[in-house]
Amino acid sequence: MTIATLSEGPAILIGYAWRLQIEAEAPVFAAGASYAGHLRLKPSDPTLLAELSSADGGIQHITGTVLELSLTPSQTAALTPGRVVLDLVRTDLEPDLHLGFLLEIPVMLPVTRGLSP
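To keep things clear, this report deals only with the structure shown in the data block. Keep in mind it's a predicted model, so treat the numbers as computed, not measured.

**Re the packing of aromatic side chains**
Stage number 1. Summed over all chains, the structure comprises one aromatic pair.
Stage number 2. With a centroid separation of 6.3 Å and 85 degrees between ring planes, the pair formed by Phe29 and Tyr35 is classed as edge-to-face.

Written as structure tokens, this is what we have:
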């Protein structure tokens, strides 16, 4: 059975930093665990747009129920308006464990841009 839940969150604004906290109903995010996620136009797209990981600070453990995802301005600068998808994998287990969800995130071109060198 597939269950889809729609939740509102921030769109990615091209050229700006982006952050999103995801919250689980139960404590499923272990302190000290390693996570990774790939940003793509659609799940079947071979092109990797950006990678997030706990090693580079793109995925941070906040509590047992909250992870924070983030992209840098340089990661969002290469995106185009539309939508991107992202899922997460726990990488410190053998084998890696897919967390079982997919995020679809809108990408928008902001009006105010090009302020930073």
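Still more to cover.
**Description of the pairing of strand 5 (residues 59-63)**
Looking along a regular strand, one sees the side chains alternate between the two faces of the sheet.
Stage number 1. In this structure, strand 5 lies alongside strand 6 (residues 66-71), joined through four bridges in antiparallel fashion. Across the sheet, residue His61 finds its bridge partner in strand 6, namely Leu67.
Stage number 2. Hairpin connection, strand 5 to strand 6: the antiparallel pair is bridged by two residues.

**Details of the pattern of salt bridges**
Stage number 1. Taken as a whole and assessed by the stated rule, the structure comprises three salt bridges.
Stage number 2. The partner of Arg83 in a salt bridge is Glu104, with the nearest N and O atoms 3.4 Å apart. Note that Arg83 is positioned in strand 7 (residues 82-90) and Glu104 in strand 8 (residues 97-108), a separation of 21 residues in sequence.
Stage number 3. Looking at Arg83, the relative accessible area reads 45%, which means it is partly exposed.
Stage number 4. Across the pair Asp92 and Arg90 runs a salt bridge, and its minimum N-O distance is 2.8 Å.
Stage number 5. Residue Asp92 is classed as partly exposed on the basis of its relative accessible area, which comes to 36%.

**A word on the sheet that holds strand 6**
Stage number 1. Strands sit in the order 2-6-5 across an open sheet of three strands; the sheet is antiparallel. Where the open sheet ends on each side, the last strands, each with one partner, are strand 2 (18-23) and strand 5. Across the sheet, the mean angle separating the axes of adjacent strands is 25 degrees when strand polarity is ignored.
Stage number 2. Inspection of the sheet shows strand 2 paired to strand 6 by six bridges, in the antiparallel sense. Following the sheet pairing, Gln21 is matched in strand 6 by Glu68.

Cut-off values and rules
- Residues numbered from 1 in each chain as written.
- Predicted model: local features only at pLDDT ≥ 70, side-chain atom pairs only at ≥ 80, totals over all residues.
- Heavy atoms only, no water.
- Phe/Tyr/Trp six-rings, centres within 6.5 Å; stacked < 30°, edge-to-face > 60°.
- Pairing = 2+ DSSP bridges.
- Helix = DSSP H or I, 4+ residues; strand = E, 2+ residues; numbered from the N terminus.
- Salt bridge = Lys/Arg side-chain N within 4 Å of Asp/Glu carboxyl O.
- Buried < 20%, exposed > 50% of the residue type's maximum accessible area, 1.4 Å probe, protein only.
- Axes fitted to C-alpha atoms, helices over the stretch in contact; angles between N-to-C directions.

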